Amino acid sequence: MDLPFIVATLTRRGLLTPGRPIRVASQLGALRKWGWSLSGELRQAAARDPGRTAVVDEHGAELTYRELLDRAERLARSMRAVLGVQSGDRIGVLCRNHHGLIEAVVAAMLLGADAVLVNTGLSAAQLATVADEQSLRVLVHDAEFAERVLGLPADVQRVDERGQEELIAAALPGDELQPPERDGRTIVLTSGTTGTPKGARRPTPNGFGPLVSIIDRIPLHARDTVLIAAPLFHTWGYAALQVAFALRSTIVLHRRFDPAATLAALAGQPCDALFAVPVMLQRLLEVPPPNPRPPLKVVAVSGSALPGGLAPKFMDVYGDVLYNLYGSTEVSWASIAGPADLREAPTTAGRPPHGTRLEILDNAGQPVRDGRVGRIFVGNEMLFEGYTSGVRRETHDGLLDTGDLGRVNPDGLLFVDGRADDMIVSGGENVFPSEVEDLLSRLPQVREAAVIGVPDPEYGQRLAAFLALHPGEALDPEAVREYVRHYLARFSVPRDVIFVKYLPRNATGKVLSRELRRYYG
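Quick notes on the rules
- Residues numbered from 1 in each chain as written.
- Predicted model: local features only at pLDDT ≥ 70, side-chain atom pairs only at ≥ 80, totals over all residues.
- Heavy atoms only, no water.
- Pairing = 2+ DSSP bridges.
- Helix = DSSP H or I, 4+ residues; strand = E, 2+ residues; numbered from the N terminus.
- Phe/Tyr/Trp six-rings, centres within 6.5 Å; stacked < 30°, edge-to-face > 60°.
- Buried < 20%, exposed > 50% of the residue type's maximum accessible area, 1.4 Å probe, protein only.
- Lys NZ or Arg CZ within 6 Å of the ring centre and 35° of its normal.
- Arc of directions from axis to C-beta.
- Contact = heavy atoms within 4.5 Å.
- Polar contact = N/O pair within 3.5 Å; in protein donor to acceptor, adjacent residues only side chain to side chain.

Caption draft 1: Structural context of the pairing of strand β1 (residues 53–56). Note: β1 against strand β2 (residues 62–64), three bridges, orientation antiparallel. Its bridge partner being in β2, Val55 is matched across the sheet by Leu63. Both β1 and strand β10 (residues 250–252) contribute to a ladder of two bridges, which runs parallel. Across the sheet, residue Val56 finds its bridge partner in β10, namely Val252.

Caption draft 2: Inspection of the packing of aromatic side chains at higher detail. All chains considered together, the criterion is met by seven aromatic pairs. Between Trp36 and Phe208, the aromatic rings sit 4.6 Å apart at their centres with planes inclined by 75 degrees, giving edge-to-face as the arrangement. A residue pair is termed long-range when its members are at least 10 positions apart, and Trp36 in the loop between α2 (21–34) and α3 (38–48) and Phe208 in the loop between β8 (199–202) and α8 (209–217) qualify at 172 residues. The exposure class of Trp36 is buried, given its relative accessible area of 18%. Here Trp236 and Phe275 contribute two aromatic rings whose centre-to-centre distance is 5.4 Å and whose plane-to-plane angle is 55 degrees, an arrangement assigned as tilted. Placement of Trp236 in helix α9 (residues 235–246) and of Phe275 in strand β11 (residues 273–276) is noted, with a sequence separation of 39 residues between them. Across the pair, Phe275 and Trp236 agree in class, each one buried. Stacked on the ring of Trp34, the Lys or Arg Arg43 has its end atom at 4.1 Å from the ring centre. Positioned above the aromatic ring of Tyr387, the side-chain terminus of Lys198 is 5.0 Å from the ring centre.

Caption draft 3: Representation of helix α1 (residues 3–12) in the model. For α1, the complete set of buried residues consists of Phe5, Ile6, Thr9 and Leu10. Projected down its long axis, α1 carries its buried residues within an arc of 125 degrees, all on one side. With respect to the buried face of α1, the exposed residues turned more than 90 degrees away are Leu3 and Pro4. On the buried face of α1, the contacting elements are α8. Between the side-chain oxygen at the start of α1 and the backbone nitrogen of Phe5 there is a gap of 3.2 Å, and the oxygen is on Asp2.

Given below as structure tokens:
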């Protein structure tokens, strides 16, 4: 990435504002010595703004950047001395959004160990499988998961919240930490909507490039106050944490997402930005907004597709502050849609940011024409380093296959039609569930909608629509089918219309299709 662009963006976002010379020198020294990992970003923030509040929890407890770094360093020293953690080991972290997760991840990196971010929605059996496949040495977990970790192999040392505090308190003084011989990696587990998730190794940034790509398009500024509602164990929540550290932000965290509590925190802190997943915006719209409304400048979402109509509806209430980032654990980011894009085309994924290449290719690896559906391939400097199992994704000319299908319109806006393996073939016709879901979600009675393909003896597959309605509402299945028939082709009409109380989702808001298929045995 070219230097003038980096300097201009950092200046625009307030990161090159002059400061006390000794602190600026210490900040640059921390990055030079410890690199651009989460531990390096925390060190640079603590060097430049040691007394600034780093983390605020839902009960108002605060830690400064100096205090947060001190706790992470003490935990690292005790992990090495008491638990025998060494460079190259893997430490699992099964925590909700609070400072303990941050301390555990940073401590692992300070020792050159890999931090495996474990989805809090995994079952006990899935957790045991992950522990075995990832060869976990230690699992740091919240107290609420005590029963779930009972089935782990005996050689996995378990540290609950009380144990973590004891390790921090027991740290021996004077045992100074030095940069490890190998960088500790962050391993993010894929969403696992169809089975046990895979571990994906995340690369360590090697400069300002990744940060600049994001904040050029999403107007976040140094020392903003941000509420990260997206789970920190997810790629999007973790990316928000990395950006927040780089900006020396004050980070507001709640263990669980509650729309009323989130709105109260956004107004009470007050917060400049919110990082969330799309389903959280739907929930926020179901709660009366506080008066006055939160002074939000940015609401950044990722992790799943924006349902049709959600973007303009949200911006009508909270202002034109919505930014939609399309990406994945494997490619990090691919494109970003701003408020103007979402007003023009509410379901767009936007355009690639600076330094990112995006191509729509056919099965032979050739570019398709504008408007034609093809496979989405992406290239940037934060492509993942492969799955921990050794399996790799298909690449083409330096671009990585996202596994999604999409198209680019003549204005350069990307539209994601869905996962390639989610496409429904009914009677020889290709149907993308997202198109039908977007249409159904516009019905005023519908709270949320999901469409899947189920086996059919005549057509191979048929469409099944699952609808969760707003309280007190009712719909007739035939009226739903007639509504779809009016707007879409006949092969897009769901033959099955099933009403449910809610759609099963994982912790990042993605609908669990495997749970819906259980209706069909």
